[in-house]
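Observations on chain architecture
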Amino acid sequence: MTTRSETRTALDHLLTEIEHRNPAQPEFHQAAHEVLETLAPVLAARPEYAEPGLVERLVEPERQVIFRVPWQDDQGRVHVNRGFRVEFNSALGPYKGGLRFHPSVNLGVIKFLGFEQIFKNALTGLGIGGGKGGSDFDPHGRSDAEVMRFCQSFMTELHRHIGEHTDVPAGDIGVGGREIGYLFGQYRRITNRWEAGVLTGKGAGWGGSLIRPEATGYGNVLFAAAMLRERGEDLEGQTALVSGSGNVAIYTIEKLTALGANPVTCSDSSGYVVDEKGIDLDLLKQIKEVERGRVDAYAERRGSSARFVPGGSVWEVPADLALPSATQNELDENAAATLVRNGVKAVSEGANMPTTPEAVHLLQKAGVAFGPGKAANAGGVAVSALEMAQNHARTSWTAARVEEELTHIMNDIHTTCHETAERYDAPGDYVTGANIAGFERVADAMLAQGVI
Ligand code: NDP
Ligand code: 2IT
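Below is a summary of the structure that appears in this document. (Residues numbered from 1 in each chain as written. Chains lettered and ligands numbered in written order. Predicted model: local features only at pLDDT ≥ 70, side-chain atom pairs only at ≥ 80, totals over all residues. Heavy atoms only, no water.)

Here the focus is the sheet that holds strand β10 (residues 306-310). One open sheet accounts for 3 strands, arranged β8-β9-β10; its pairing is antiparallel. Of all strands in the sheet, those bounded by a partner on one side alone are β8 (265-268) and β10. Put simply, the sheet's adjacent strands are angled 20 degrees from each other on average, direction ignored. Pairing analysis gives 5 bridges linking strand β9 (residues 271-275) to β10, with the strands arranged antiparallel. By the bridge assignment, Tyr 272 is partnered in β10 with Val 309. (Pairing = 2+ DSSP bridges. Helix = DSSP H or I, 4+ residues; strand = E, 2+ residues; numbered from the N terminus. Axes fitted to C-alpha atoms, helices over the stretch in contact; angles between N-to-C directions.)

As structure tokens, this is what we get:
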């Protein structure tokens, strides 16, 4: 019988080995630490999981592809970017996960995202494996024609590696409906196949699911509502901080408002906006989705209730709830201390790993309900899986039906995380609950399928 402390020592050795074998990948190390540090109780309780090689296989991607992406800008200059697809784990279904286009992308970032995706996708219960991809291409300031040429070049290589039964990419930072359109067009042209299920996040008129654009933000608000319900509270009248102003942030703000909360902030890499009257979503959508502008334009056009704070941290604004929806490590220990001082009740992660480990610890210690991204933002990939189901059946569901499914899925994920945490003596700890529940599903499938 292995004790928890023996298991912890074995996991510590493995973490050291991960750092040696994957040098200069701090985000991947961070994600691996965050998961493995919570697994000791389940490995000690279920000896089959402690079998040599299981966790070692889980932290090693099944396949990693890195490729050159050459493209020409509008002046005819040639640029060379790097493309990635990390196919991490397919025990539960085809690799599934987004593509990120951002200058900060490198192999370690894609591996952290792919690793998180394994557990997130398992939590949805929908039969999807984990993967992630992207490029260090920066779409900011690029014309539509440049973005199209980049996407076509990217897909000219990526098409060899993906397919509706193999690997199904979607959007993430810098990849939205426009990019998915260009990527799908090039895939269809190269392969001469109408293979709708090869990408998700497609336009509603050509195979996309209704509510997919809204799903991550809506899902995160539903998860936050479930955490509050557990404490006898609801969203009505709660002031909320949202960071980012992209896909996830916009639909987080929309759902918060619909459920009676008051989202007062949004941000981008230039700074943040605080609007006492609550964010005017039509104005924000016009600036971000139509004009592809910066958030300071929001404050300029909104009038006296709003101001723009260049470079500041959105977390300094007093509020009841915080929903980080921009990028990794955007909420650090200082920010967490400020939130706690201002009486925050819940933090729910729309982004992937936005809260640093020290900040998570501080929030949990202070009794703040903390929803980790792999549970709280799983609504996006869940509706992607529903899009795949609709594509397979050559049908499309109504928005009401998709939203109803999304609501069930988010409530199920909340219940699963909550109950799993209780089962492993960590009541209220959604990090432990999400990691163990996701791990159990993947580990069971891996064990059943042998050493591969
Ligand atoms: P978008 O590209 O639509 O928006 C990203 C937003 O975050 C922008 O406002 C952007 O500002 C800001 N941002 C990005 N990087 C940084 C940075 N390094 N510093 C400051 N601000 C930054 O992306 P999404 O909304 O799709 O994604 C946001 C987060 O949600 C990511 O962590 C993503 O992995 C996660 N996520 C997304 C899902 C989806 O379905 N799209 C599903 C689940 C999670 P700027 O324009 O100035 O860079
Ligand atoms: O991080 C994520 O879950 C996503 N970017 C969405 C992935 C997907 O396949 O819809």
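This part covers the site of ligand 2. Taken together, 14 residues are adjacent to ligand 2, and Lys 96, Lys 120, Asp 172, Arg 212 and Ser 384 come closest. Separating an oxygen atom of ligand 2 from a side-chain N or O atom of Lys 132 is a distance of 3.0 Å. Between ligand 2 and Gly 171, the relevant distance is 3.0 Å, taken from a nitrogen atom to a main-chain nitrogen or oxygen of the residue. Burial of ligand 2 by the surrounding chains reaches 94%, relative to a free accessible area of 290 Å². Elements represented by at least two residues in the shell around ligand 2 include exactly β3 (95-101), α5 (107-124) and α15 (379-392). (Near = heavy atom within 4 Å. Polar contact = N/O pair within 3.5 Å; in protein donor to acceptor, adjacent residues only side chain to side chain. Areas by Shrake-Rupley, 256 points an atom, 1.4 Å probe, with all protein chains shown as cover.)

For the rest of this paragraph, the subject is unusual backbone geometry. Within the chain, Asn 192 stands out as a residue other than glycine whose phi angle is a positive 55 degrees. The topology assignment puts Asn 192 in the loop between α7 (177-191) and α8 (212-230). At Arg 394, a residue that is not glycine, the phi angle is positive and equals roughly 50 degrees.

Positionally, Thr 398 belongs in the loop between α15 and α16 (399-423). C-alpha separation for the pair Thr 398 and Ile 211, spaced 187 residues apart in sequence, amounts to 9.1 Å. Within the structure, Thr 398 has its side chain in polar contact with the backbone nitrogen of Arg 401 (distance 3.1 Å).

Mapping Gln 390 onto the fold places it in helix α15. Residue classification places Gln 390 among the buried residues on the basis of a relative accessible area of 2%. Look past the residues within four positions of Gln 390 in its chain and what remains in contact with it is Ser 209, Thr 395, Ser 396, Trp 397 and Val 402. (Buried < 20%, exposed > 50% of the residue type's maximum accessible area, 1.4 Å probe, protein only. Contact = heavy atoms within 4.5 Å.)

Okay, the packing of aromatic side chains next. Each pair of aromatic rings is reported with the distance of its centres and the angle of its planes. Under the defined criterion, the tally for this structure stands at 17 aromatic pairs. Here Trp 71 and Phe 137 contribute two aromatic rings whose centre-to-centre distance is 5.2 Å and whose plane-to-plane angle is 90 degrees, an arrangement assigned as edge-to-face. Residue Trp 71 is found in strand β1 (residues 63-72), and its partner Phe 137 is found in the loop between β4 (129-135) and α6 (144-158); the two are separated by 66 residues along the sequence. Relative accessible area serves as the criterion here: at 2%, Phe 137 is assigned to the buried category. (Phe/Tyr/Trp six-rings, centres within 6.5 Å; stacked < 30°, edge-to-face > 60°.)

Before going further, it helps to examine the sheet that holds β3. Spatially, 5 strands are ordered β1-β2-β4-β3-β5 in an open sheet, and the strand pairing comes out mixed. The strands lining the two open edges of the sheet, one partner per strand, are β1 and β5 (167-170). Adjacent strand axes in the sheet meet at a mean angle of 20 degrees, parallel and antiparallel pairs treated alike. The pairing of β3 with β4 spans 5 bridges and is classified as parallel. Pairing of Leu 99 across the sheet is with Gly 133, part of β4.

Below, the discussion takes up the packing of helix α12 (residues 333-341) against helix α13 (residues 357-365). Look at α12 against α13: their axes get within 8 Å of each other, and the N-to-C directions meet at 20 degrees. Put simply, α12 runs roughly parallel to α13. Here the hand of the crossing between α12 and α13 comes out right-handed. Within the contact between the two elements, α12 uses Glu 333, Ala 336, Ala 337 and Val 340 and α13 uses Glu 358, Ala 359, Leu 362 and Leu 363. (Parallel < 35°, antiparallel > 145°, perpendicular 65-115°, else oblique. Left-handed = near helix turned anticlockwise from the far one by under 90°.)

Further remarks concern the site of ligand 1. In the vicinity of ligand 1, 25 residues are found, and the nearest of them are His 140, Asp 172, Ser 269, Arg 294 and Asn 352. Note that an oxygen atom of ligand 1 is positioned 2.8 Å from one of the side-chain N or O atoms of Asn 352. Elements with a minimum of two residues in the shell around ligand 1: α8, α9 (247-258) and β8.

In this section: the pairing of β1. Bridging between β1 and strand β2 (residues 78-89) involves 10 bridges; their strand directions are antiparallel. Directly across from Arg 68, in β2, lies its bridge partner Arg 82.

Attention now moves to α12. Those residues of α12 that fall on the buried side of the exposure criterion are Ala 335, Ala 336, Thr 338 and Leu 339. Projected down its long axis, α12 shows its buried positions confined to an angular sector of 160 degrees, all on one face. Within α12, the exposed residues directed more than 90 degrees away from the buried face are Asn 334 and Arg 341. Contact partners of the buried residues in α12: β6 (239-242), β11 (321-323), β12 (346-348) and α13. The opening residue of α12, the one whose side-chain oxygen lies 3.2 Å from the backbone nitrogen of Asn 334, is Asp 332. (Arc of directions from axis to C-beta.)

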